[in-house]
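Structural features, examined
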Amino acid sequence: MATDVLAQLADCLAKTGVGDGELSYKGQGRKLDDAHSVEEIVEAIQAFDGLQALRLEGNTIGVEAAKTIAKALETKSEIKCCYWSDMFTGRLRSEIPPALISLGDALMLAGARLAILDLSDNAFGPDGVKGIEKLLKSSACFTLQELRLNNCGMGIGGGKILAASLIECYKKSSKEGDPLSLKVFVAGRNRLENDGATALAQAFQMMGSLEEVHMPQNGINYPGITALATAMQHNAGLRILNLNDNTFTEKGAVAMAQALKHLNSIQVINFGDCLVRPSGAVAIAESISEGLPILKELNLSFGEITEEAALVAHAVKDKGQLEKLDLNGNCLGEDGCRALVDSMESMNMADVLGSLSDDDGEPEDDEDEDEDEEDDRADKGIKVRLLCDCLVSMTLSPKCPVPSTFVLCSFVVSTPPSARPPDVGSFLSFPSPDKLLKLGAGRAMLIEQQVDVSDVTKTTEAFLKIASVYKEENTEVKAAVLDSIDTLLRKAFTSPSFGGYNFVSSLLVLLGLIKSEEKVKPVHVVPGHLQALEHVVRQDYFPKESVTVLQAFMSRNNKALESCGNARNSLQSTLQRI
């Protein structure tokens, strides 16, 4: 009998990734709901002497299963690494915090001293942060080196809770003579915004030990960027700083340039898609030319930089370790791009310059925008569009008298738990028919949960991105597009803050049929936009009073619609019949 048990256990371990103190169930797509479903895992944990790392990512774990696994971990004092990303696919909001609390309590009871805690891609929102709050404040995290919380939907509230937990952990560990010295912090796609980033900056400044900071796509504007810049100055060992797709503007860029003067260990700077603007580029170039001796990568793409790119190129000429310079998507113009390439070639650095294929050309004078006006709008809460992959709903409008909060969706993803959550953000960033189809049968629900339907502009942008891949001749793509659009707009038009007139007004601006005071850049109109709109106006959710407005603008001569003659004529006919 004992021999049979040992044989079963040996077979179990043979199927499990085991080595160097690590027990791995990574990417096995197991649906772990109760104690029975985790018997094999529990037996392996109990039998593993010297367990140092446990990988559970890529499975889906319920409350009872988490409690059972936690019980097995209570005696594993040597555990240091918890790779627990992407392990709540398909779980309800109410399941995640208690599961995290159980696992955290077990680590504390075991007397563990963690080095790595990875909970990325779990979309647990502020409540999930509360689920790990006690753990983060405990002695189990006094030794934490890496904290990875990418794409968790923490929001402002979660960011503040996280910051307070790290600060308390630092204070308590300092009293024991060994202060928290976090090296790696990852929290991209979390909608931290200014308040969340500012709170975390306080923790970063206090620790002063960071070597890598990754906080892309968080809707942070210059106040939050400025706070982070101040904090970074106190982290002299910083090697990687990734703030891609936030909004610096000149004020934030100048502040960050000042911080760079204190960071001679930095190797990778990613300020791509951060709107650093010409003045910001000049300040950053100055800091680079004065220091940063081991810089390897510099990304200043899509920042509305003009001829100042030449200063950036000149600033890196003595950086012998530079491997990549990305200045794509700026406003150099054909002559500027050629001059930049020539300049890099003259310094024998042409091989480090990335593509310039997406250059926007020289900006027109009437497109220039006053910096203070943009900052004022940012202060009022009008943010640059943020594309998150996390499965959370919306942040309440800053105009709402109710304090802003995150609402985590209570729905079950219909895709198999063995698959990673579909990359909705990738589709909305760069739409294609293939990407839409790969989102699977639950694509409509996933897109609906991704888009903040209380924001008319974001909803309209999402509609146009989905419609852009419409293919009349491809029935599968056509059905996927129309189903996704119907689900999104049906929810939008039932939202109290969403009006038909506002939607049509935003739509006409983005199609280039009317001008906006905010100088919104129109999309390139394709037939799919109008074909999808023809479908929408026939639906019961679409307000009929808006038909007349659309009909008036579609009947006008406009260059934006010239390439869509047949689709435009068909839409006009439909509008006339309604």
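Residues numbered from 1 in each chain as written. Predicted model: local features only at pLDDT ≥ 70, side-chain atom pairs only at ≥ 80, totals over all residues. Heavy atoms only, no water.

Things to note about the overall build of the protein chain
Convention followed: Secondary structure elements follow DSSP: runs of H or I no shorter than four residues count as helices, runs of E no shorter than two count as strands, and numbering proceeds from the N terminus. Only heavy atoms matter for contacts: two residues are in contact if any of them lie within 4.5 Å across the pair.
Within the protein chain, the regular secondary structure consists of 22 helices and 14 strands. Long-range contacts, defined as pairs at least 24 residues apart, comprise 80% of the intrachain contacts of the protein chain with a sequence gap of at least 6.

Some details on the environment of S505
Within the element layout of this structure, S505 appears in helix α19 (residues 500–510). C-alpha separation for the pair S505 and V549, spaced 44 residues apart in sequence, amounts to 9.0 Å.

Observations regarding the environment of L32
Following the sequence through the fold, L32 ends up in strand β3 (residues 31–32). Here the alpha-carbon distance between L32 and M87, two residues 55 residues apart in the chain, equals 9.8 Å. Each residue touching L32, except ones within four places of it in the same chain, is listed here: S37, V38, I41, T60, I61, G62, A65 and R91.

Thoughts on the packing of helix α7 (residues 193–207) against helix α8 (residues 222–232)
Helix-helix packing is described using two parameters, namely the angle between the two axes and the distance between the axes. Where we set the bar: Whenever a helix is involved, its axis is fitted only over the stretch in contact; in every case the axis is a line through C-alpha atoms, and angles between N-to-C directions fall within 0 to 180 degrees. Any angle from 65 to 115 degrees is called roughly perpendicular, while one under 35 is roughly parallel, one over 145 is roughly antiparallel, and all others are oblique. Think of it as three bins: nonpolar holds Ala, Val, Leu, Ile, Met, Phe, Trp, Tyr, Cys and Pro, charged holds Asp, Glu, Lys and Arg, and polar takes everything else, Gly as well.
Following both chains from N to C, one finds α7 and α8 inclined at 5°, their axes separated by 8 Å at the closest point. As the angle between them shows, α7 and α8 are arranged roughly parallel. When α7 is examined against α8, the residues N194, A197, T198, A201, F204 and Q205 are found in contact with a partner set consisting of P223, G224, A227, L228, T230, A231 and M232. Here the residues of the contact of α7 with α8 sort into 8 nonpolar, 5 polar and no charged.

A look at the nonpolar core
Applicable threshold: By nonpolar core we mean a set of buried residues, namely Ala, Val, Leu, Ile, Met, Phe, Trp, Tyr and Cys, connected to one another through side-chain atoms within 4.5 Å. Burial status follows relative accessibility: with a 1.4 Å probe on protein chains alone, a residue under 20% of its type maximum counts as buried, one over 50% as exposed, and anything between as partly exposed.
Membership of the largest hydrophobic core comes to 119 residues, with the highest contact counts inside it found for F185 and F271. If sequence neighbours within four positions are ignored, F185 has contacts with L147, L162, L166, L200, F204, L210, E212, V213, H214 and M215.

Concerning the pattern of salt bridges
Filter applied, for reference: A side-chain nitrogen of Lys or Arg and a carboxyl oxygen of Asp or Glu constitute a salt bridge if their distance falls within 4 Å.
Tallied over the entire structure, the rule returns 24 salt bridges. We note a salt bridge from R338 to D335, for which the minimum N-O separation is 3.1 Å. Residue R338 and its partner D335 are both found in helix α12 (residues 333–346); the two are separated by 3 residues, about one turn of the helix. One salt bridge in this structure joins K478 and E472, with 3.0 Å as the shortest N-O distance. Of the residues examined, K478 reaches a relative accessible area of 24% and is grouped as partly exposed. The partly exposed category is assigned to E472, whose relative accessible area is 41%. Several salt bridges share partner residues, and in doing so they unite K31, D33, R91 and E95 into one network.

Regarding the environment of M108
Checked against the element boundaries, M108 lands in helix α4 (residues 96–110). Taking the C-alpha atoms as reference, M108 lies 9.1 Å from C141; in sequence the two are 33 residues apart. Once residues within four sequence positions are removed from consideration, M108 is found in contact with K134, L135, S138 and A140.

Details of the packing of helix α20 (residues 527–537) against helix α22 (residues 565–577)
Inclusion rule: By definition, any crossing whose near helix is turned counterclockwise from its far helix by less than a right angle is left-handed, and any crossing with a clockwise turn is right-handed.
At their nearest, the axes of α20 and α22 sit 9 Å apart, and the two run at 15° to each other. One way to sum up the angle between α20 and α22 is to call them roughly parallel. The way α20 lies across α22 gives a crossing that is left-handed. For the pair α20 and α22, contact is made by P527, L530, Q531, L533, E534 and V537 and by A567, R568, S570, L571, T574 and L575, respectively. The residue makeup of the contact of α20 with α22, split by class, is 7 nonpolar, 3 polar and 2 charged.

As for the packing of aromatic side chains
What counts is decided by this rule: Any two rings among Phe, Tyr and Trp, with Trp reduced to its six-membered ring, count as a pair given centres within 6.5 Å; such a pair is stacked if its planes are under 30 degrees apart, edge-to-face if over 60, and tilted if neither. Two thresholds decide whether a charge sits over a ring: the Lys NZ or Arg CZ must be within 6 Å of the ring centre and within 35 degrees of the ring normal.
Evaluated as defined, the whole model comprises 6 aromatic pairs. A ring pair is formed by F463 and F503, whose centres lie 6.0 Å apart and whose planes are at 70°; its orientation type is edge-to-face. Taken as a pair, F463 in helix α17 (residues 456–467) and F503 in helix α19 lie far apart in primary sequence, 40 residues in all. Neither F463 nor F503 differs from the other in exposure class; each is buried. When the ring of F493 is compared with that of F542, the centres are 6.1 Å apart and the planes differ by 75°; the resulting orientation is edge-to-face. Highlighted residues: F493 in helix α18 (residues 475–493) and F542 in the loop between α20 and α21 (547–554), separated in sequence by 49 residues. The burial state of F493 is the same as that of F542; both residues are buried. If you follow R55 out to its NZ or CZ, it ends over the ring of Y83, 3.8 Å from the centre.

Topic: α4
To keep things clear, this is the line we draw: The span you would expect from a helix comes to 1.5 Å times its residue count less one.
Counted at 1.5 Å a residue, the expected span for α4 with its 15 residues is 21 Å, and the 22 Å between its end C-alpha atoms agrees. Residues I96, P97, A99, L100, S102, L103, G104, A106, L107 and A110 constitute the buried set of α4. Positive phi appears at G111, one or two residues downstream of α4, with a value of about 75°.

Observations regarding α12
Test applied: Regarding the arc, it is the one traced by the directions from the helix axis to the C-beta atoms.
For α12, built from 14 residues, the straight-helix expectation of 20 Å at 1.5 Å per residue is met to within 8% by its first-to-last C-alpha distance of 20 Å. Every buried residue of α12 is accounted for by G333, C337, L340 and M344. Take α12 and look down its axis: the buried residues cluster within an arc of 90°, on one side only. Structural note: α12 exposes E334, D335 and S346 on the side pointing more than 90 degrees away from its buried face. Looking at the buried positions of α12, the neighbouring elements they touch are α11 (309–315) and β14 (324–326). Of the residues one or two after α12, N348 is the one with positive phi, at around 60°.

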